[in-house]
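Structural features, examined
Given next are the chains, with one letter for each unit.
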Amino acid sequence: MNAVVTGLGATTPLGGDLPSTWSALLAGESGVSRIEDAWAGTLPVRIAARLRVEPTEVLDRMEARRLDRCEQVALIAAREAWADAGRPQVDPERLAVVIGTGTGGVLTLLGQDDVLERSGARRVSPRAVTMLMANGPAAVVSLELGARGGAHTPVSACASGAEAIALGLDLIRLGRADVVVAGGAEACVHPLPLAGFAQAMAHSTRNDDPAGASRPFDATRDGFVIGEGSAVAVLERAEFAAARAATVHATLAGAGITSDAHHMTAGHAEGQVRAIRRALADAGLRAGDIDLVHAHATSTPHGDLTEAHAISEAIGLHAAVTATKSMTGHLFGAAGSLNALAAILALRDQVVPPTINLREQDPQIKLDIVTGGPREVRAGAALADSFGFGGHNACLVFQRETGERGQGGPS
C-alpha cells in the first residue's frame, strides 16, 4: 500500500511559504547571509541561512510568544500544508502527526539557562519545558489540527525529517491512520551550535562569501552552512484521498531506513547503499527507474564524496542529481523533509532546480549534477536522500503518478 501526498508547506531561508521557496530554488538564489548580530563577532563562523520571513510576521503575537522558534516554523509549515490539502475531513482518531527535529527547542533551552544563571530560578519561564522539549513541534501541530491518532517525534539528526515521512508511510500502511501530517523543523542559529560545528570542522568558514559558501560536490567545498526552517507534507491513504477527490502531488512509494554502526559523524557508503536499495525494494522499483536524485549533499568534504559513491553504486550514473542545500543551507531536522518536497515538486513540474556554486566538480564524483540553471526532465520517479550524525540513513522514493511502476533500465 502506498500513500499519496496531497499537501505541502514550508518556511525556509528562501521564502515564507512553499511557492516562494520553489521559485527561488529554480532561480538559483542563495538564502545564506552574514550574521550581523553582535554575538557573532568573535566566532570563527559568521554566516547562516536564516528565515526569509520571520515567524512573528505570520503568527499572532501572543501565539508566537508561547512557542519556541522551532515550534513556530513547524506550525507555519503545517498550516500551509493542511490548507494545500484542502483541510481533509477526517476522523481525529485516524489523523496523526509526525514532526522530526534534530535539536528541538535549543534556543529556549540555552536562553532560559542564561536567565537562570543571571536572574535565578524564579525568573525562568513557566513555559520553558513545553518550549524546549523535542516533541514540542509535533505536539503544537497535533493541537492545531485536533489529531488524536498519535503525535510522534523522530530525532535522528539530519535524517529526522525524512524519517518522519517514512514513519507517516508506515502508519498508513499499518492501518493506523488515514491522514498523516509529516515533516521536520529546526531553528538553532545560536553561538553554541555554530561554535561546536566550527570546532568539529563541519561548518564552512567562508565568512567573506556567504552566498558562495555552501558548494556541494565542488572540489573546494569546506563544510555546510547552518540553516533554519520547516517543511511539512500531508500524506493520505490513497483510497481516502480518491474518495474525496483530492489533488495528488505525488505518490510516496517507498522508504528505506538503515544505520551505519560505523562512526558518530563520518557517514558510511555501505549503510547509505542499503538504505537506497531498501527504499527501491519497498517501492517495487529498480535502480534504472529512478530519474532524479535529490542528494543530501551538505557540502562537507567527506560527506559529499561518500554519498556520491553510494548513489553511483545503488542507482548508477544515469539519474539527474541536485543538491539544494547549496541555496537553503543545512536545515538539519528539516533537511530531509525539504529535500522530499523539492523532489515532489520536481516530479510534478518536470523541472529540476540547479546546484549552485558548483564551479569545479570534484574529479572523484562522476554524477550527472544539475548546475547552471534548472533542467527540464521527463521523470517518473525520484529518490530523496537524508543522512545524519550517528549513522542515520533515511531514503524516500516518490512517483509522479499514483500506482505507476516503471519498467526501468539497468539495475
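Residues numbered from 1 in each chain as written. Predicted model: local features only at pLDDT ≥ 70, side-chain atom pairs only at ≥ 80, totals over all residues. Heavy atoms only, no water.

**Structural notes on the overall build of the protein**
In plain terms, the rule: Here a strand is any run of E in DSSP of at least two residues, a helix any run of H or I of at least four, and the numbering for each starts at the N terminus. Our radius of gyration looks at C-alpha atoms and nothing else; its globule reference is 2.2 Å times the residue count to the power 0.38. Exposure is judged per residue with a 1.4 Å probe applied to protein chains only, and the accessible area is read against the type maximum: over 50% gives exposed, under 20% gives buried, and values in between give partly exposed. The method behind every accessible area is Shrake-Rupley, applied with a 1.4 Å probe, and residues are considered shielded solely by the protein chains displayed. Only four residue types enter the tally: Lys and Arg on the positive side, Asp and Glu on the negative side, with His and both chain ends excluded. For this purpose, a charge sits on NZ of Lys, CZ of Arg, CG of Asp or CD of Glu.
Helices and strands together make up the secondary structure of the protein, namely 13 helices and 15 strands. What you see for the protein is a C-alpha radius of gyration of 20 Å, in line with the 22 Å of a compact globule of 411 residues. Judged by the C-alpha coordinates and their principal axes, the protein covers about 65 × 55 × 40 Å. When the 411 residues of the protein are sorted by exposure, 58% land in the buried category. Counting only carbon and sulfur atoms, one obtains 51% of the accessible surface of the protein, whose full area is about 15600 Å². Computing the positive centroid from 35 side-chain charges and the negative centroid from 45, the protein places the two 3 Å apart.

**Thoughts on the nonpolar core**
We count it as follows: Side-chain atoms within 4.5 Å link the members of a nonpolar core, which is a set of buried Ala, Val, Leu, Ile, Met, Phe, Trp, Tyr and Cys residues. In what follows, a contact means two residues having at least one pair of non-hydrogen atoms within 4.5 Å.
Of all hydrophobic cores here, the largest spans 53 residues; its most connected members are Leu-8, Val-180, Leu-235, Leu-396 and Phe-398. For this core, the leading source of residues is helix H13 (residues 335-349), giving nine residues. Once residues within four sequence positions are removed from consideration, Leu-235 is found in contact with Ala-3, Val-4, Val-5, Ile-165, Gly-168, Leu-169, Ile-172, Asp-178, Val-179, Val-180, Ala-182 and Leu-252. Counting 32 residues, the second-largest nonpolar core is a separate cluster that includes Ala-287, Leu-305, Ala-323 and Phe-387.

**Let's talk about the layout of surface pockets**
Condition: Lining residues are those with an atom within 4 Å of a point, where the points come from a 1 Å grid over the protein atoms alone and group into cavities, where a 1.4 Å probe fits but cannot get out, or pockets, open sets with protein on both sides within 12 Å along at least five of seven lines. Grid points are joined across faces, edges and corners, and a volume is the space filled by probe spheres set on the points. Polar here means any residue outside two lists: the nonpolar Ala, Val, Leu, Ile, Met, Phe, Trp, Tyr, Cys and Pro, and the charged Asp, Glu, Lys and Arg; Gly therefore counts as polar.
For the largest pocket, the calculated volume is near 450 Å³. Elements that contribute at least two residues to the lining of the largest pocket include exactly helix H11 (301-314), strand S14 (381-388) and strand S15 (392-399). Here the lining of the largest pocket gets six residues from one element, more than from any other, and that element is H11. Considering only residue class, the lining of the largest pocket consists of eleven nonpolar, 16 polar and three charged.

**A word on H13**
Residue pairs spaced three or four apart in an α-helix point in one direction, given the helix's 3.6 residues per turn. The condition is simple: For a helix, the expected span equals 1.5 Å multiplied by the number of residues minus one.
Compared with an ideal rise of 1.5 Å per residue, which puts 15 residues at 21 Å, H13 spans 21 Å between its outermost C-alpha atoms and is within 8% of the ideal. For H13, the buried fraction is high: 13 of the 15 residues fall into the buried class. Residue Gln-350 follows H13 closely and has a positive phi angle near 60 degrees.

**A word on the confidence of the model for the protein**
What counts, and what does not: The predictor reports its confidence for every residue as pLDDT, a score running from 0 up to 100.
In the predicted model, the protein carries a mean pLDDT of 95, and 97% of its residues have values of at least 70. Counting interchain partners and residues more than four positions distant, the pLDDT-below-50 stretch residues 402-411 has 25 contacts.

**A word on empty space enclosed by the protein**
Summed over all chains, the structure comprises one cavity of 30 Å³ or more. When its volume is computed, the largest cavity comes out at roughly 50 Å³. What lines the largest cavity is simply Thr-324, Lys-325, Thr-328, Gly-329, Leu-331, Ala-335, Leu-338 and Asn-339. Sorting the residues of the lining of the largest cavity by element identifies helix H12 (325-328) and H13 as the ones contributing at least two each. If one sorts the elements of the lining of the largest cavity by residue count, H13 sits on top with three residues.

**Focus: the packing of helix H7 (residues 160-173) against H13**
Put simply, the rule is: For helices, the fitted axis covers only the stretch in contact; all axes are lines through C-alpha atoms, and the angles between them, taken along N-to-C directions, range from 0 to 180 degrees. For this classification, under 35 degrees means roughly parallel, over 145 means roughly antiparallel, 65 to 115 means roughly perpendicular, and everything else is oblique.
Interhelical geometry of H7 versus H13 gives an angle of 65 degrees and a closest axis separation of 4 Å. When the interaxial angle is binned, H7 and H13 end up roughly perpendicular. Contact with H7, carried on its side by Gly-161, Ala-162 and Ile-165, involves Gly-336, Ser-337 and Ala-340 of H13 and no other residues of that element. Here the residues of the contact of H7 with H13 sort into three nonpolar, three polar and no charged.

**Some remarks on unusual backbone geometry**
Backbone geometry places Phe-217, a non-glycine residue, at a positive phi of 70 degrees. In this structure, Phe-217 sits in the loop between helix H8 (191-199) and strand S7 (229-237). Unusually for a residue other than glycine, Asn-357 sits at a positive phi of about 65 degrees. Within the secondary structure, Asn-357 sits in the loop between strand S11 (351-352) and strand S12 (368-369). Overall, the relative accessible area of 11% leaves Asn-357 in the buried class.

**Some remarks on the environment of Thr-56**
In this structure, Thr-56 sits in the loop between strand S3 (47-48) and helix H2 (61-65). As for Thr-56 and Arg-69, which are separated by 13 residues in sequence, their C-alpha atoms are 9.5 Å apart.

**Examining the pattern of salt bridges**
Put simply, the test is: For this document, the term salt bridge refers to a Lys or Arg side-chain nitrogen within 4 Å of an Asp or Glu carboxyl oxygen.
Considering all chains together, one arrives at 18 salt bridges under this definition. Here Arg-173 and Asp-282 are joined by a salt bridge, their closest N and O atoms 2.7 Å apart. Placement of the pair is Arg-173 in helix H7 and Asp-282 in helix H10 (residues 269-283), with a sequence separation of 109 residues. Looking at Asp-282, the relative accessible area reads 30%, which means it is partly exposed.

**Re the environment of Arg-221**
Test applied: Between N or O atoms, a polar contact is any pair within 3.5 Å; within protein, one atom must be a potential hydrogen donor and the other a potential acceptor, and residues adjacent in sequence are included only when both atoms are from side chains.
Inspection of the secondary structure puts Arg-221 in the loop between H8 and S7. Between the C-alpha atoms of Arg-221 and Thr-298, which are 77 residues apart in sequence, the distance is 9.5 Å. Every residue in contact with Arg-221, bar those within four places of it in the chain, is listed here: Arg-215, Ser-299, Thr-300, Pro-301, Asp-304, Leu-305, Asp-362 and Ile-365. Polar contacts involving the side chain of Arg-221 include one to the main-chain carbonyl oxygen of Asp-218, which spans 2.8 Å. One polar contact links the side chain of Arg-221 to the main-chain carbonyl oxygen of Pro-301, over a distance of 2.7 Å.

**Observations regarding a positive patch on the surface**
To be explicit about the condition: Patch rule: a residue counts if its relative accessible area is over 30% and it has no salt bridge; like charges are joined within 9 Å, and nonpolar side chains (Val, Leu, Ile, Met, Phe, Trp, Tyr) within 5 Å.
A cluster of basic side chains, namely Arg-61, Arg-65, Arg-66 and Arg-127, defines a positive patch on the protein surface. Within the fold, Arg-66 resides in the loop between H2 and helix H3 (69-84).

**Quick word on the packing of helix H1 (residues 18-27) against H13**
It is the contact of H1 with H13, at a shortest axis distance of 11 Å, that shows an interaxial angle of 75 degrees. For the element pair H1 / H13, the angle class is roughly perpendicular. Packed against H1, whose contacting residues are Leu-18, Trp-22 and Leu-25, the element H13 presents Leu-341, Ala-342, Leu-345, Ala-346 and Asp-349 at the interface. In terms of residue class, the contact of H1 with H13 is built from seven nonpolar, no polar and one charged.

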